[in-house]
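# Structural features, examined
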Amino acid sequence: MSNNIKSPFGEIQYLGNLLSKAYPTTLLFYDQNKIPVVVEWIDVDDNGNDIYYIFKTLKSNLENYLRGNISHLEYINLAEKKEYYKFHNSIFNTDFKKLNHKKLDKNSLPNKSSFFHEDLSDDYKSIADFFGIKFISQEDKDNYFNKLKEYSKNSKAGLFRVHLNEGNNIGHGTADTKVLGELLMNFENLYHETALDVIKGHERKAKINNLPENVSITKMSSTEVYLQEAASFSIYLKSKTDSNSNSKTYSFFSDEIFDKINILVSNASDKKNLESIKSSYSPTVFDSLKNFSEIIYENKIIIDLDYYNTNSNYRFSQVIKPYEANNIYENIISSSHETETNLYFIGNFIMLNTKTGYFSFLSVEKIEISGYVSNQIKESMISFNFKNLYKVTISQNSISKLNNNKFKLENTLESCILEN
Amino acid sequence: MQYKYNEELTKLASFNKTDGCFSDYSEKKISAYRWTFSDIEDKRNFIPMASNKENFSLAKTCNGWALSFHKVESKSRESWKKLITDKPKKYKKIGTHIAFGEILKTDGKCSEPEKSSHFNLIEYKDVDLIERFEILDCLLENETLEPME
């Protein structure tokens, strides 16, 4: 489309649809200075008219949005001079009404967890090309992975590369010490806790795997920096014990630990997937991952995680973008473990509140238990008394946070029969 | 076989100076999920996005004249949710329900399903998919969402 369109930002030209394949709701234009102008579909009013906002933005904001550094909402909020215009139905021959940022319809704007996803976009590549935004090619990725393979071969050990691709205070060969320090400390915690899961099992009750030749658990569950290089900023880590061992099986322990971390990180950004793996890791692993992802999100870092072991040829690669880190964090704090068991007692009620359904029961073994009467038997609660002996069934639901050993018990009185 | 929107597609080919659209599409028998409104007879359910004049950007693309489907139900639900997370009122445009049906080789040509299980169908003339699709479920979870007209 080569026609110029009149807008509050001068004449603009249409470039493509950023989102989405299902219905165009974020359209990209450019002005005479090739500055991006964005049109956002917002809602349909009571008369069936489509409502749109139009605003101008910096190329760097578009780049940050496309790379997953900022959310769609942040992208909209970063409009130049916070200047927005509203129009209805068609951008052609339309009236534009100026809007203050505060007047934007917050209920129709993207959720703060909505980030750019290339699967939903038809035109993002041509839009990025037009504004000179470059994405890393597969060839560059392959070459960079080969470097890791070479280092692994030289060190004769499995190497894990943490590459701080982009982010606040990350440059070519430089990284803010505080950010790097926090990131590495939190990764080390994640490695340590995952290693303990591998060595002792996620319930940490007994030693499951036999450790080889007099190796300490502390060493086995720690990493050390192998080297650092300037490519944005990369750190190569290896298991602290690998270089001291001649045992093949032994070096595969680090494969197992890094593999477990890879599976965890790959699944934790999706709530459903997290549900399927949550029983395989201990709360301390989830807590470490929560802290690690918080650092990534807070500093808007794109982090590449690559692993290669020259001894086993085991490898994996993955990228954590800030929005994925945010998803991981949110999923962990909002997930829980629940287990339900039925308890059977004979004894007396010591407290009954027929209004709220609350009860306290003392068994003949002097065990006191409190909770609420289930809806099924709440009506018959009025017939319970403090003198008679009852046989009760109480379902006990134990709820614990994924990243915490503390749990909450919920007791429900399911049945109550008079005991002769 | 002629496509349903043959006139528009011919104009499009002439505008884009190409031989035509959908050269990599093929006839398929395939199970399909599509987002619809609550009544399967709703006229908005099976019209391509480009036929809405407001979507000027799509009228110039081949895909704008095709209908969008998913091969896998869970992927269809997932994609719908992603879109609503991005634009909470988008259900007013893309639909509130999920429908299931079978696409036959005589219905038109399909693109290869993507990783997300999404694929397009360009319908042949006189095809009516309403008869073969039935609504499975409402996708709206939140009762506070604005009622549809």
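Computed from a prediction, not measured in an experiment: that's the story for all the values here.

### Things to note about the side chain of Asp197(A)
With respect to the helices and strands, the residue Asp197(A) is situated in helix H5 (residues 177-200). For Asp197(A), the residues in contact, after removing those within four places along its chain, are His202(A), Arg204(A), Lys260(A), Ser280(A), Tyr281(A), Ser282(A) and Val285(A).

### Section: the sheet that holds strand S19 (residues 407-418) of chain A
Residue and element names in this part refer to chain A. Read around the closed barrel, the five strands follow the order S15-S16-S17-S19-S18; overall the barrel is mixed. Averaged over all pairs of adjacent strands, the angle between strand axes in this sheet comes to 50 degrees, irrespective of strand direction. With eleven bridges connecting them, strand S18 (residues 390-401) and S19 associate as antiparallel partners. Bridge pairing in S19 places Thr 393 opposite Ser 415.

### Re the interface of chain A and chain B
Facing 34 residues of chain A, the contacting portion of chain B comprises 22 residues. Around 2600 Å² of area is buried between chain A and chain B when both sides are counted, 59% of it from carbon and sulfur atoms. Looking at the side of chain A facing chain B, the largest losses of area belong to Ala22(A), Tyr23(A) and Trp41(A), adding up to 21% of the total buried there. At the surface where chain A touches chain B, the tally comes to four salt bridges.

### Quick look at the packing of aromatic side chains
Tallied over the entire structure, the rule returns 40 aromatic pairs over all chains. Over the face of the ring belonging to Tyr281(A) we find Lys260(A), whose NZ or CZ atom lies 4.2 Å from the ring centre. Above the plane of the ring of Phe37(B) lies Arg44(B), whose end atom (NZ or CZ) is 3.7 Å from the centre.

### Considerations on the sheet that holds strand S1 (residues 5-7) of chain A
Residue and element names in this part refer to chain A. Judged by pairing direction, the sheet is antiparallel, and its seven strands sit side by side in the order S1-S2-S3-S4-S5-S6-S7 without closing on themselves. Here the strands that pair on one side only, and so sit at the sheet edges, are S1 and strand S7 (97-99). On average, adjacent strands in this sheet sit at an angle of 40 degrees to one another, irrespective of strand direction. Pairing analysis gives five bridges linking strand S3 (residues 26-30) to strand S4 (residues 36-44), with the strands arranged antiparallel. In the sheet register, Phe 29 faces S4, and the bridge partner there is Val 37.

Parameters and conventions
Residues numbered from 1 in each chain as written. Chains lettered and ligands numbered in written order. Predicted model: local features only at pLDDT ≥ 70, side-chain atom pairs only at ≥ 80, totals over all residues. Heavy atoms only, no water. Helix = DSSP H or I, 4+ residues; strand = E, 2+ residues; numbered from the N terminus. Contact = heavy atoms within 4.5 Å. Pairing = 2+ DSSP bridges. Axes fitted to C-alpha atoms, helices over the stretch in contact; angles between N-to-C directions. Buried area = accessible area lost by both parts, 1.4 Å probe. Salt bridge = Lys/Arg side-chain N within 4 Å of Asp/Glu carboxyl O. Phe/Tyr/Trp six-rings, centres within 6.5 Å; stacked < 30°, edge-to-face > 60°. Lys NZ or Arg CZ within 6 Å of the ring centre and 35° of its normal.

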